[in-house]
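Geometric and topological summary
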Amino acid sequence: MDLSPLHPNLTVADPRAAIDFYVAGLGAELLDEITAGDAIIHSDLRITTARGSSTFTVAAAFPGAGTVAPEPDGGTTASFTLHVEDTDAAHDRAVAAGATSVQPPEDWFSGFRQAAVRCPAGHRWFLVTVADHVTTADIQRASDAWTADQQS
């Protein structure tokens, strides 16, 4: 199996619905799935963009084993950033496939465009397009301005 070195495991209430969304809404490719009866207990997916390829697992919740799914409208402990060629198109595709827009596409600053969606399984995805000339210092300045704005 050709899986990325960091391979997150997303716990969801309905693995089939989540996989269908990740394929339709984010362009993921389903690599494999392991079932127990009708239940998907493990699956591996890959998302490929111009920046590279990443893999992740989608699995059913097993509260007895300590894995629980986020509530679709509740908090989440992790977010995922997906670098895309076109933030607006990626946002529109995700929303059309069933995601909820958390942040519409907007320029954070010149060369950095971002949107955020919450997938039907409850996980938050940032969809970003970052120009090659953007530096860490540029992002720090924008973060400082955003933080100051949040405190006022």
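The structure we're discussing is the one just above.
Attention here is on the structure that accompanies the text.

**What about the packing of aromatic side chains?**
Per the counting criterion, the structure on display carries 8 aromatic pairs. Here the aromatic rings of phenylalanine 21 and tyrosine 22 are separated by 5.6 Å at their centres, their planes lie at 70°, and the arrangement is edge-to-face. Pair check on accessibility: phenylalanine 21 and tyrosine 22 agree, each one buried. Each ring, one from tyrosine 22 and one from tryptophan 125, has its centre 5.5 Å from the other, and the planes form 55°; the classification is tilted. Of this pair, tyrosine 22 sits in helix H1 (residues 15–26) while tryptophan 125 sits in strand E8 (residues 124–130), and the two are 103 residues apart along the sequence. Judged by its relative accessible area of 0%, tyrosine 22 falls in the buried class. Residue classification places tryptophan 125 among the buried positions, given a relative accessible area of 4%.

**Comments concerning the nonpolar core**
Ranked by internal contacts, the top residues of the largest apolar core, which has 24 residues, are Tyr22, Leu26, Phe56, Val58 and Trp125. Taken together, the elements giving at least two residues each to this core come down to strand E1 (9–12), H1, strand E3 (39–49), strand E4 (52–60), strand E5 (79–83), helix H2 (87–96) and E8. Setting aside anything within four residues of it in sequence, one finds tyrosine 22 in contact with Leu10, Val12, Gly27, Ala28, Leu45, Phe56, Val58, Cys119, Ala121, His123 and Trp125. Counting 6 residues, the second largest nonpolar core, distinct from the first, contains Phe112, Val128, Val134 and Ala142.

Analysis parameters
Residues numbered from 1 in each chain as written. Predicted model: local features only at pLDDT ≥ 70, side-chain atom pairs only at ≥ 80, totals over all residues. Heavy atoms only, no water. Phe/Tyr/Trp six-rings, centres within 6.5 Å; stacked < 30°, edge-to-face > 60°. Buried < 20%, exposed > 50% of the residue type's maximum accessible area, 1.4 Å probe, protein only. Helix = DSSP H or I, 4+ residues; strand = E, 2+ residues; numbered from the N terminus. Core = buried A, V, L, I, M, F, W, Y, C linked by side-chain atoms within 4.5 Å. Contact = heavy atoms within 4.5 Å.

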